[in-house]
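Secondary and tertiary structure notes
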Amino acid sequence: RKAELAAWVNKPSVSEDGHRVELAANIGNLEDVQKALDNGAEGIGLFRTEFLYMGRATLPTEEEQFQSYKYVLEKMEGKPVVIRTLDIGGDKELPYMDLPKESNPFLGQRALRLCLANEELFRTQLRALLRASRFGNLKIMFPMIAVREELLEAKRILEEEKQSLIQAGAEVSDSIEIGMMIEIPSAAISADLFAPHVDFFSIGTNDLIQYTMAADRMNETVSYLYQPSHPSILRLIRMVIEAARQEGKWVGMCGEMAGDPNAVPLLLGLGLHEFSMSAGTILQTREMIGNLSYAKWQSHAKHALTLGGQREVQSYAQEQLQGGK
Ligand code: PEP
Ligand code: MG
């Protein structure tokens, strides 16, 4: 089986009827980059930068961050690398920052909200990213955006840092794509309002499902509500892809769902462009997509949106898989 999968390492990700997608890896530290390459990743679809900030006594300096980003970009040799700005808060704490206790941390000041409230912290990371940009194919992504003002403010700060670096004589790539995660229902529902202001979306289903179902993603007692293939989730995904298509932008997914064999055929059919997952599932996903007909799954996915619940969607998808492609 291992040898069988290894045959897919250097192949493109193409459906049986010739529809091309990109399979990328999620990484959380620098060692993961080699693993991504060994497993045939066509890019990094999500670099969770939290690890640079966690398990230490002080904030990482701009120089430390710059070295890490440069390392990843160089190692990927021009393949796309999506680096997400700091997503701290929620379940991830930083003891040295002395953040106020919140009664609902997942609904509180996490991720970009925290960065906009602590601008120096944010600007330091953005400068490190901008300085590293010339070493590869960098895409910067903002997490946890609920309303358009947050995106515009983050972009304004990024542009300000870019101009000041250039003025100081630094070299900054002029082709950095800017994207945002779609992981809050408001952003999914109003994706058309965001699409003109980004180069891409990446759907964070881990949070999108928890916020849509109002079911904590860590809480076992409500895990039965955590339903990736529920029509409500599929419809949100479709809305995001449709809004992006209207503006000629691409859509990725970096939540667990992107590597879930129960969901992959439907996601392909919905028109997802990039699937980002833990390195270990890339090859089996590439093999699966290679055996699927995009044309057929386009219509299967459309039908799935009309079904009564996750159970119906999953048995329908299973039937289609068994009945052919
Ligand atoms: C997500 O929410 O789906 C996601 C990829 O982000 P994280 O799991 O880091 O919250
Ligand atoms: Mg998330």
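Everything numeric here is computed off the predicted structure, so don't read it as measured data.

Per the secondary structure count, the chain includes 15 helices and nine strands. Taken over C-alpha atoms, the radius of gyration comes to 20 Å for the chain, in line with the 20 Å a tight globule of 325 residues would show. Dimensions of the chain, computed from C-alpha atoms along their principal axes, come out at roughly 60 × 45 × 35 Å. Put simply, the chain has 325 residues, and 45% of those count as buried. Here the contacts in the chain between residues at least 6 apart in sequence split such that 70% fall between residues at least 24 apart.

Side chains that are nonpolar tend, in soluble globular proteins, to be buried together. Grouped together as the largest cluster of nonpolar side chains are 92 residues, with contacts concentrated most on Ile44, Met180, Ile182, Ala191, Phe201, Val240 and Leu267. In contact with Ile44, other than residues within four places in its own chain, are Ala24, Ala25, Ile27, Ala36, Val72, Met76, Val81 and Val82.

The full set of residues close to ligand 1 is Leu46, Arg48, Asp87, Glu183, Gly204, Thr205, Asn206, Asp207, Cys254 and Gly255. Where the shell around ligand 1 is concerned, the elements lending two or more residues are β3 (44-48) and α10 (205-213). Looking at which element gives the most residues to the shell around ligand 1, the answer is α10, with three residues. Residue composition of the shell around ligand 1, by class: two nonpolar, four polar and four charged.

To continue, consider helix α13 (residues 282-290). Three or more residues of α13 are buried, namely Ile282, Leu283, Thr285, Arg286 and Ile289. Mapping the buried residues of α13 onto a view down its axis gives an arc of 160 degrees, with all of them on the same face.

This chain's UniProt record puts "binding site: Mg(2+)" (unreviewed entry) on Glu183 and Asp207. Across 25 residues of sequence, these annotated residues stay compact in space, with a maximum C-alpha separation of 5.3 Å. If you trace the backbone, Glu183 turns up in the loop between β6 (177-182) and α8 (185-189). Sequence-distant contacts of Glu183, that is, excluding residues within four places in its chain, are made with Pro143, Met144, Gly204, Asp207 and Leu208. Looking at where Asp207 falls in the secondary structure, it is placed in helix α10.

Turning our attention to the pairing of strand β5 (residues 137-142). Along β5, five of the six residues are buried, which leaves the element largely enclosed by surrounding structure. Pairing between strand β4 (residues 80-84) and β5: five bridges, direction parallel. Paired with Arg84 across the bridge in β5 is Met141. Bridging between β5 and β6 involves four bridges; their strand directions are parallel. Counted as the bridge partner of Phe142 is Met180 from β6. Chirality of the crossover, the property in question, places the unit of β5, helix α7 (residues 148-167) and β6 among those that are right-handed.

Before going further, it helps to examine the UniProt feature "binding site: phosphoenolpyruvate" (unreviewed entry) in the chain. In the numbering used here, UniProt assigns the feature "binding site: phosphoenolpyruvate" (unreviewed entry) to Arg48, Arg84, Asn206, Asp207 and Arg217. Position of Asn206 relative to the elements: it lies in helix α10. Once you skip the residues sitting within four places of it in the chain, Asn206 turns out to touch Arg217, Gly255 and Glu256. Residue classification places Asp207 among the buried positions, given that 23 C-beta atoms sit within 10 Å.

Cut-off values and rules
Residues numbered from 1 in each chain as written. Chains lettered and ligands numbered in written order. Predicted model: local features only at pLDDT ≥ 70, side-chain atom pairs only at ≥ 80, totals over all residues. Helix = DSSP H or I, 4+ residues; strand = E, 2+ residues; numbered from the N terminus. Rg over C-alpha atoms; globule rule 2.2 N^0.38 Å. Buried ≥ 20, exposed ≤ 12 C-beta atoms within 10 Å, placed from the backbone. Contact = placed C-beta atoms within 7 Å. Core = buried A, V, L, I, M, F, W, Y, C linked by C-beta atoms within 7 Å. Near = placed C-beta within 6 Å. Nonpolar A, V, L, I, M, F, W, Y, C, P; charged D, E, K, R; others polar. Arc of directions from axis to C-beta. UniProt positions renumbered as here; feature names shortened; annotations may be inferred. Pairing = 2+ DSSP bridges. Right-handed = clockwise from strand over helix to strand, strands pointing away.

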